[in-house]
2 protein chains.
Amino acid sequence: MPDLHPGLLMSIAARHVEMRVMRALHEAGHELTLAQGRLMAGIDGEGTRLTDLAARAQITKQSAGFLVDQVERLGYVERVPDPTDARARLVRLAPRGREAQREARHVERQVRHEWEQHLGQERMAALQDALTSLREITDPWA
Amino acid sequence: MPDLHPGLLMSIAARHVEMRVMRALHEAGHELTLAQGRLMAGIDGEGTRLTDLAARAQITKQSAGFLVDQVERLGYVERVPDPTDARARLVRLAPRGREAQREARHVERQVRHEWEQHLGQERMAALQDALTSLREITDPWA
DNA sequence: CCATTATGGTCAGTCTGTCTGACTAGGTTG
DNA sequence: CAACCTAGTCAGACAGACTGACCATAATGG
């Protein structure tokens, strides 16, 4: 059996994480889709502009606006005026959104722990190191 | 700067590979979409059943059928009867499909090489090792 | 040996997420 | 202050995914 391409192996594992997070959110009563989740993952504490959210998720601002409309209607985020720019508004997590975020982070920690159990500390550290380094040449956004 | 979650880092790198492959295919005159490419990646030498393709790409057989229709019309694959089961047909790469496959594999080798240059042989081997091991607990299809 | 169930695939209809292009309102700058 | 830039929306299109219903063929167990 020849080595599968690392990119493919990464897709498998990354997909697994997403699936675990989405499933947990669903079980906790949240009705978020993957696209909505990816978008919300880009919101930081003080709130984030639509344009920045779009860039982080690598989608157009139209798509981002569409998704923000949805999660706003569901009560996960709110749009507040940006005090520093009258054109802009900040998308901020509402209480329900922070709940979902907590849940997501919990599952992520759990997965990380499972991986460390499986690989052992040393290999896990090597993985984290290699991935972090690889980001320098693969992240279009950094 | 705290460590980003390995799953997220994997998404970034995996996406980079896909982007590189799609761009190269496009430059070589192939008009394949990402979804079509992912589907075709699941076709093996003797041909593969629609149902298996769907399972490998983790989509429904209806979606897979839709995509096969498209790439068949574009001349990348052909459907031939399955000699062992009259209900089934095998989806097989046509010459144009094999060309695209060669191109894709070429880019994948190139990316692998770039990564090895960046990480060094040892860290690259560690990465491959960790990812392969991780597959045991993250691949729903193995 | 046939009735039942399982499997491979299609048809019909729907929905989500994405895009491009055109536009408005509000900043920024020479 | 004129010209340009930037944040966001509106309108329209389309790809790709889903569910549910269905048909044809295989496989299985009384």
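Above this note sits the structure.
What this report covers is the structure whose coordinates are included nearby.

The rules behind these values
- Residues numbered from 1 in each chain as written.
- Chains lettered and ligands numbered in written order.
- Predicted model: local features only at pLDDT ≥ 70, side-chain atom pairs only at ≥ 80, totals over all residues.
- Heavy atoms only, no water.
- Helix = DSSP H or I, 4+ residues; strand = E, 2+ residues; numbered from the N terminus.
- Buried < 20%, exposed > 50% of the residue type's maximum accessible area, 1.4 Å probe, protein only.
- Contact = heavy atoms within 4.5 Å.
- Core = buried A, V, L, I, M, F, W, Y, C linked by side-chain atoms within 4.5 Å.
- Near = heavy atom within 4 Å.
- Polar contact = N/O pair within 3.5 Å; in protein donor to acceptor, adjacent residues only side chain to side chain.
- Pairing = 2+ DSSP bridges.
- Buried area = accessible area lost by both parts, 1.4 Å probe.
- Salt bridge = Lys/Arg side-chain N within 4 Å of Asp/Glu carboxyl O.
- Nonpolar A, V, L, I, M, F, W, Y, C, P; charged D, E, K, R; others polar.
- Arc of directions from axis to C-beta.

## Things to note about the overall build of chain A
- Broken down by element type, chain A carries 6 helices and 3 strands.
- Reading chain A from its N terminus to its C terminus gives the helix and strand order α-α-β-α-α-β-β-α-α.
- Taking the principal axes of the C-alpha coordinates as reference, chain A spans close to 55 × 35 × 25 Å.
- Put simply, chain A has 142 residues, and 42% of those count as buried.
- Of the contacts made within chain A by residues no fewer than 6 positions apart, 49% connect residues no fewer than 24 positions apart.

## Structural notes on the nonpolar core
- Within the largest apolar cluster, 68 residues are counted, with the highest numbers of intra-cluster contacts made by A:Met10, A:Val77, A:Leu127, B:Met10, B:Val77 and B:Leu127.
- Apart from residues no more than four positions distant in its own chain, A:Val77 is found in contact with A:Met40, A:Ile43, A:Val68, A:Val71, A:Glu72, A:Val91, A:Arg92, A:Leu93 and A:Ala94.

## Things to note about the protein's contact with DNA strand C
- Within the structure, DNA strand C sits among 21 residues, and A:Thr33, A:Gln62, B:Lys61, B:Arg87 and B:Arg89 are positioned closest to it.
- Near the protein, within 4 Å, the atoms of DNA strand C are sugar or phosphate in 60% of cases.
- A distance of 3.1 Å separates a phosphate oxygen of DNA strand C from a polar side-chain atom of A:Gln70.
- Breaking the surface near DNA strand C down by element, the ones donating at least two residues are helix H4 (61-73) of chain A together with helix H3 (50-57) and helix H4 (61-73) of chain B.

## Some thoughts on the sheet that holds strand S3 (residues 89-93) of chain B
Residue and element names in this part refer to chain B.
- Strands sit in the order S1-S3-S2 across an open sheet of 3 strands; the sheet is antiparallel. Of all the strands in the sheet, just strand S1 (48-49) and strand S2 (77-81) have a single pairing partner and so form its edges.
- Two strands pair when backbone bridges link them, and S1 and S3 are joined in this way by 2 bridges, in the antiparallel orientation. Bridging across to S3, Arg49 finds its partner in Leu90.

## Overview of the interface of chain A and chain B
- Chain A puts 39 residues into the contact, and the matching count from chain B is 39 residues.
- Both faces considered, chain A and chain B share a buried interface measuring about 3,900 Å² in area, 68% of it formed by carbon and sulfur atoms.
- Put simply, chain A and chain B have 2 salt bridges between them.
- For B:Asp129, the salt bridge identified is with A:Arg123, shortest N-O distance 2.8 Å.
- The tally of links from chain A across to chain B stands at 14 residue pairs in polar contact (both at pLDDT 80 or more).
- The set of elements that each furnish at least two residues to the side of chain A that touches chain B consists of helix H1 (6-27), helix H5 (95-119) and helix H6 (121-138) of chain A.
- Sort the elements by how many residues they give to the side of chain A that touches chain B and H6(A) lands first, with 15 residues.
- In terms of residue class, the side of chain A that touches chain B is made up of 19 nonpolar, 10 polar and 10 charged.

## Section: the protein's contact with DNA strand D
- As a matter of local geometry, DNA strand D sits amid 21 residues, with A:Lys61, A:Arg87, A:Arg89, B:Thr33 and B:Gln62 nearest to it.
- Taken together, the sugar and phosphate atoms account for 62% of what DNA strand D places within 4 Å of the protein.
- One nitrogen or oxygen atom from the side chain of A:Lys61 is found 2.4 Å from a base nitrogen belonging to DNA strand D.
- In this structure, A:Arg87 approaches DNA strand D through a side-chain N or O atom, which is 2.4 Å from a base oxygen.
- Mapped by element, the contributors of at least two residues to the surface near DNA strand D are helix H3 (50-57) and H4 of chain A together with H4 of chain B.
- Looking at the surface near DNA strand D, the element that brings in the most residues is H4(B), giving 5 residues.
- Here the surface near DNA strand D is built from residues that sort into 7 nonpolar, 7 polar and 7 charged.

## Digging into H3(A)
- When we look at burial in H3(A), the residues that qualify are A:Leu53, A:Ala54 and A:Ala57. Buried residues of H3(A), viewed axially, fall in a sector of 100°; they line one side.
- On the buried face of H3(A), the contacting elements are helix H2 (34-40), strand S1 (48-49), H4 and strand S3 (89-93) of chain A together with helix H1 (6-27) of chain B.
- Immediately beyond the C-terminal end of H3(A), within one or two residues, lies A:Gln58, with a positive phi of roughly 60°.

## Looking at the environment of A:Leu50
Residues and elements named next belong to chain A.
- Mapped onto the fold, Leu50 is located in helix H3.
- Classification of Leu50 by relative accessible area gives partly exposed; the value is 24%.
- With 18 residues separating them along the chain, Leu50 and Val68 place their C-alpha atoms 8.2 Å apart.
- For Leu50, the contacting residues outside a window of four places in its chain are Lys61, Ala64, Gly65, Val68 and Arg89.

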